[in-house]
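Examining the three-dimensional arrangement
One letter stands for each residue in the lines below.
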Amino acid sequence: MAEDNGKKYDWADAPSQSAFPIAKAGVPYILAAAFATAVTALLGIVPLALFFLVATACVCLFFRDPDRLIPSDKQVVVAPADGRVVAVESVPESRFVSGQRLKISIFMSVANVHINRSPLAGSVKNVQYYPGKFLVASLDKASEENEHNAVILSLEDGRDCAVVQIAGWVARRILCSVKPGDALAKGQRFGLISFGSRVDLFLPPDVTPKVAPGDRVRGGTSVIGILP
């Protein structure tokens, strides 16, 4: 456990032994780009080899998976993804969890870390996948119309929340590694969206938001809300 100005932090996942951790899902893309680099270099096609070399570096950056220290305070809600907050609003209902909710939406660009993390500790109540379109994920209608995957969490206080992974026009692959019954620690990795997109979070209505549209957040580290 680490401390910073009196605040305590824990690891939600065991720290990586690598200096530059890469998500396993990115390895096939990296190997493909590296193979293309090697082949074009051996063939002497220098411009194309340089192009694939840059592409390999970019894919490595896209799938970076840095370790994060997580605030240990049980009342703290952490960001489920890296990116820019595009919405903080009260909604009367949600398709995923019943009743009024505080909705916080985070847009993930291709430059952001793509790993998704649990905003709170809890057990997975349900995982719901919905096929759909691939609109620009920063648009409000993307929440309803795009392909998405909802993870419903039963929190330690008995209430629930939903973390919704939403594909965008570039992202065409949503990965989720949890199933009903699994326990998640706050800040623990549970999936990723390849090449960026959007995450919608539906929290209990009495959560106090600590972010506003336009704020930049880091998954697992940034405090986005406080439970009463």
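Residues numbered from 1 in each chain as written. Predicted model: local features only at pLDDT ≥ 70, side-chain atom pairs only at ≥ 80, totals over all residues. Heavy atoms only, no water.

**Digging into the sheet that holds strand E10 (residues 160-166)**
Ordered in space as E12-E8-E9-E10-E14-E6-E5-E16, the 8 strands form an open sheet in which the pairing is antiparallel. Single-partner strands in this sheet number two, and they are strand E12 (183-184) and strand E16 (216-217). Here strand E9 (residues 148-155) runs beside E10; their pairing, made up of 7 bridges, is antiparallel. Looking across to E10, one finds that Ala150 is bridged to Val164. (Pairing = 2+ DSSP bridges. Helix = DSSP H or I, 4+ residues; strand = E, 2+ residues; numbered from the N terminus.)

**Concerning the sheet that holds strand E15 (residues 208-209)**
With antiparallel pairing, the 3 strands of this open sheet are ordered in space as E4-E17-E15. This sheet does not close on itself; its edge strands, each paired only once, are strand E4 (76-78) and E15. Sheet topology note: the E4/strand E17 (residues 223-226) ladder contains 3 bridges and is antiparallel. Within the sheet, the bridge partner assigned to Val77 lies in E17 and is Gly225.

**Structural notes on the packing of helix H1 (residues 27-42) against helix H2 (residues 46-62)**
Remark: H1 packs on H2, axes separated minimally by 8 Å, with the N-to-C direction vectors making an angle of 165°. When the axes of H1 and H2 are compared, the pair comes out roughly antiparallel. The crossing of H1 and H2 is left-handed. Between H1, through Tyr29, Ile30, Ala33, Ala34, Ala36, Thr37, Thr40 and Ala41, and H2, the contact on the second element is made entirely by Leu48, Ala49, Phe52, Leu53, Ala55, Thr56, Val59 and Cys60. (Axes fitted to C-alpha atoms, helices over the stretch in contact; angles between N-to-C directions. Parallel < 35°, antiparallel > 145°, perpendicular 65-115°, else oblique. Left-handed = near helix turned anticlockwise from the far one by under 90°. Contact = heavy atoms within 4.5 Å.)

**Observations concerning H2**
In an α-helix, one turn spans 3.6 residues; hence positions three or four apart end up facing the same way. Taking 1.5 Å per residue as the helical rise, H2 with its 17 residues ought to reach 24 Å, and the 24 Å between its terminal C-alpha atoms agrees with that figure. Listing the buried residues of H2 in full gives Ala49, Thr56 and Val59. One side of H2 holds all its buried residues, which, seen down the axis, span an arc of 80°. H2 presents Pro47, Phe51 and Val54 as exposed residues on the side facing more than 90 degrees away from its buried surface. In this structure, the buried side of H2 is in contact with H1. (Expected span 1.5 Å × (residues − 1). Buried < 20%, exposed > 50% of the residue type's maximum accessible area, 1.4 Å probe, protein only. Arc of directions from axis to C-beta.)

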